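Here is what each chain is made of, one letter per residue.
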Amino acid sequence: MTSPILRIEDVHKSYGSLHVLKGVSLTVQPREVVVLVGPSGSGKSTLLRCINLLNPPTKGRIWLEDQEITAPGVNQDRVRQRIGMVFQEFNLFTHLTALGNVMIGLIKVRKMRKNEARDLAMFELERVGLADRAHYYPAQLSGGQKQRVAIARALGMDPHVMLFDEPTSALDPELTGEVLAVMQKLAGEGMTMIVVSHEMGFARQVANRVVFMEGGVVVEEGTPQHMFEQPTHERTRAFLRNIMQ
Amino acid sequence: MQDFIDLLNKVTPDLLRGTVVTLQIATISLVLGMIVGLPVGIGRVYGPVWLQRVLGAYVTLFQGTPLLIQLFMVYYGLPDIGITLGRLQAAFLTLGLNSAAYQAEYLRSALQAVSEGQMTAARAIGMSKWQAIQSVILPQAVRLALPAWSNEAVAMLKYTSVVFLIAVPDLMGQAKILASRYFAPIQIYLIVAVFYIALVGVAYLILTLIERRARIPGLTGDTT
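Overview of the structure. Bear in mind the structure is a predicted one, so any value in this text is a computation, not a measurement.

**Considering the overall build of chain B**
Scanning chain B for helices and strands turns up eight helices and zero strands. N-terminal to C-terminal, the α/β element order of chain B is α-α-α-α-α-α-α-α. Summarising its shape, the C-alpha atoms of chain B cover approximately 70 × 55 × 20 Å along the three principal directions. Split into buried and exposed, the 224 residues of chain B put 47% on the buried side.

**Examining the pairing of strand β7 (residues 161-165) of chain A**
Residues and elements named next belong to chain A. Of all five residues making up β7, five are buried, and the element is well covered by its neighbours. Neither face of β7 is left uncovered, since the one carrying Val-161, Leu-163 and Asp-165 and the one carrying Met-162 and Phe-164 both have all their residues buried. With five bridges connecting them, β7 and strand β8 (residues 192-196) associate as parallel partners. Directly across from Leu-163, in β8, lies its bridge partner Ile-194. The handedness of the β7 to β8 crossover, carried by helix α6 (residues 173-188), is right-handed.

**Structural notes on unusual backbone geometry**
Despite not being glycine, Asp-10 of chain A shows a phi value in the positive range, around 50°. Positive phi values are uncommon outside glycine, yet Phe-183 of chain B reaches one of about 50°. Inspection of the secondary structure assignment puts Phe-183 of chain B in the loop between α7 (171-182) and α8 (185-213).

**Some remarks on a positive patch on the surface**
All names here are of chain A. Together, Lys-108, Lys-111, Lys-114 and Arg-118 give the surface a local cluster of positive charge. Among the structural elements, Lys-114 can be located in helix α4 (residues 114-127). Judged by its relative accessible area of 56%, Lys-114 falls in the exposed class.

**A word on the packing of helix α1 (residues 2-46) of chain B against α7 of chain B**
Residues and elements named next belong to chain B. Where α1 contacts α7, the two axes come as close as 7 Å, and the packing angle between them is 155°. Between α1 and α7, the angle is such that the two are roughly antiparallel. With respect to the hand of their crossing, α1 and α7 are arranged in right-handed fashion. Facing Leu-7, Lys-10, Val-11, Asp-14, Leu-15, Arg-17, Gly-18, Thr-19 and Thr-22 of α1, the residues of α7 in contact are Leu-171, Gln-174, Ala-175, Leu-178, Arg-181 and Tyr-182. Residues belonging to the contact of α1 with α7 are distributed by class as follows: seven nonpolar, four polar and four charged.

**Observations regarding the interface of chain A and chain B**
At the interface, 24 residues of chain A touch 22 residues of chain B. Here chain A meets chain B over a buried area of about 2000 Å², counting both sides, of which 65% is carbon and sulfur. It is Phe-93, Thr-94 and His-95 of chain A in chain A that bury the most area against chain B; as a group they hold 29% of the surface buried on that side. Where chain A packs against chain B, one counts one salt bridge.

Conventions and cut-offs
One numbering rule holds for all chains: residues counted from 1, following each sequence as written. Chain A is the first chain written and ligand 1 is the first ligand written, with later ones labelled in order. Only residues with pLDDT of at least 70 get local features here, since the model is predicted, and only at 80 or more are side-chain atom pairs given and counted; chain-wide, interface and lining totals rely on the full set of residues. Water and hydrogen atoms were dropped before computing side-chain values, which therefore reflect all heavy atoms in the structure. By definition, any uninterrupted DSSP run of H or I lasting at least four residues is a helix, any uninterrupted run of E lasting at least two residues is a strand, and each is numbered from the N terminus. Between buried and exposed lies partly exposed: a residue is buried under 20% and exposed over 50% of the maximum accessible area for its type, with that area taken using a 1.4 Å probe on protein chains only. Only strands that DSSP links by at least two bridges are regarded as paired with each other. Crossovers are described as right-handed under a simple rule: with the strands pointing away from the observer, the path leading from the first strand over the helix to the second runs clockwise. Excluding any residue in a salt bridge, patches collect residues exceeding 30% relative accessible area, merging like charges within 9 Å and nonpolar Val, Leu, Ile, Met, Phe, Trp and Tyr side chains within 5 Å. All accessibility values rest on the Shrake-Rupley procedure with a 1.4 Å probe; residue burial counts only the protein chains present in the view. When a carboxyl oxygen of Asp or Glu lies within 4 Å of a side-chain nitrogen of Lys or Arg, that pair is called a salt bridge. Charge assignment: positive for Lys and Arg, negative for Asp and Glu; neither His nor the chain ends contribute. The location of each charge is read from NZ of Lys, CZ of Arg, CG of Asp or CD of Glu. All axes are obtained by fitting lines to C-alpha atoms, using only the stretch in contact for helices, and the reported angles, taken between N-to-C directions, cover 0 to 180 degrees. An angle below 35 degrees is read as roughly parallel, one above 145 as roughly antiparallel, one from 65 to 115 as roughly perpendicular, and any other as oblique. In this scheme the handedness of a crossing depends on how the near helix is turned from the far one: anticlockwise by less than a right angle means left-handed, clockwise means right-handed. By the convention used here, residues are in contact when the closest approach between their heavy atoms is within 4.5 Å. Gly counts as polar in this scheme, as do all residues outside two lists: the nonpolar Ala, Val, Leu, Ile, Met, Phe, Trp, Tyr, Cys and Pro, and the charged Asp, Glu, Lys and Arg. Buried surface area refers to the total accessible area, computed with a probe of radius 1.4 Å, that the two partners give up upon joining, counted for both partners together.

From the geometry alone we can't say anything about function, so treat these as descriptive.
Laid out in structure tokens, this is it:
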């Protein structure tokens with residue numbers, strides 16, 4: 001048994017009196033693809049933002065590889081560099097081309113030289129099938145293309161884990177396929193991924209594990225087969241039945 | 001008509017000298033305003049609360065009082081506390097600090113217009129807050145602030161005219177001298193108005209070029 005790449009232990013998150021996460025524990029193995037499902041407000045997105053410390057947990061501990069990233073004195077910027085994140089709203093840098101979006105982190109964070117950064121950025125754009133759109137600005141790209149650039153931007157940082165926060169929810173239905181295909185390819189290449197998504201087809205085909213969250217806790221987790229065909233909890237069954245329709 | 005042309009010939013050299021002074025004051029004040037206004041604007045948005053308050057007070061002070069009073073305070077008031085400035089220095093300092101307050105406000109609203117997701121995405125790839133401001137937020141905000149900044153630059157050309165009240169020989173200062181020398185105030189102020197319009201016209205041309213060069217599809221222009 002390899003050591004886990006990510007270990008989340010009793011994580012709580014509150015905003016004032018609003019208790020969003022009420023003790024979540026989750027362990028992710030290298031190369032694993034975990035799909036998080038649950039009703040809105042169940043804390044899935046909050047959990048992702050806790051993991052990369054965009055909104056650090058109010059209580060509980062998280063280990064990335066063998067480093068406790070919630071320990072005091074940890075360089076949070078360094079941690080985020082190792083955890084890629086893809087957002088529902090893409091959040092591409094508006095003032096930069098597709099290429100510029102991928103390059104800027106390489107230059108500013110990874111301190112690469114410009115030529116080196118350009119080559120790697122082009123490689124990452126090729127990986128998501130957008131080398132021919134390198135010089136387009138975000139406003140000139142379709143939603144699906146924007147999201148693929150966002151994936152390339154995250155990949156450029158050479159992350160050890162990738163977090164996807166509803167990556168296809170803001171897309172027109174006909175554009176979700178190209179994004180899911182890129183994600184499936186990444187999973188095939190062995191990327192460790194935690195995906196918040198209601199794309200059940202993707203979960204069934206690509207996920208090693210499906211985690212059902214509700215009310216700030218993990219209700220049930222298991223293989224896609226277990227979760228979709230014989231979930232133990234009535235709430236899991238009711239939720240999945242609802243979104244499968 | 002011949003009289004008018006004679007007058008024009010007589011006053012033009014002095015007015016050109018005044019124009020040089022006006023341009024000098026406007027340029028230096030705008031640059032000073034930028035050097036001070038940039039950090040003030042950033043501090044107003046991203047600084048700690050106490051700093052936001054202090055900078056807010058500075059902006060209110062300069063936006064809320066007449067420019068002329070500011071100029072008199074700097075030129076006639078500061079010597080009382082041991083700071084004596086030359087006429088031009090007082091002009092640069094007053095107009096520069098005044099412009100900084102306005103430029104900071106344009107930048108502040110532009111910074112706030114950049115969506116929060118831009119900062120989140122920058123932090124998510126491992127940028128520090130300052131790196132994110134520098135390489136993601138500011139380049140967008142500066143472009144968004146450009147039209148308002150252009151107006152400030154044009155307005156500055158005209159604001160400079162207050163400095164004749166501390167006897168700086170700018171375009172307006174020359175006009176006043178010439179008007180009493182030739183007893184032809186209407187004609188001379190008319191000529192001076194044309195000088196100002198010409199300056200403003202040239203400024204507009206340059207600023208439009210800058211705005212066009214800085215355009216980015218989807219940020220400050222349409223998507224094509």
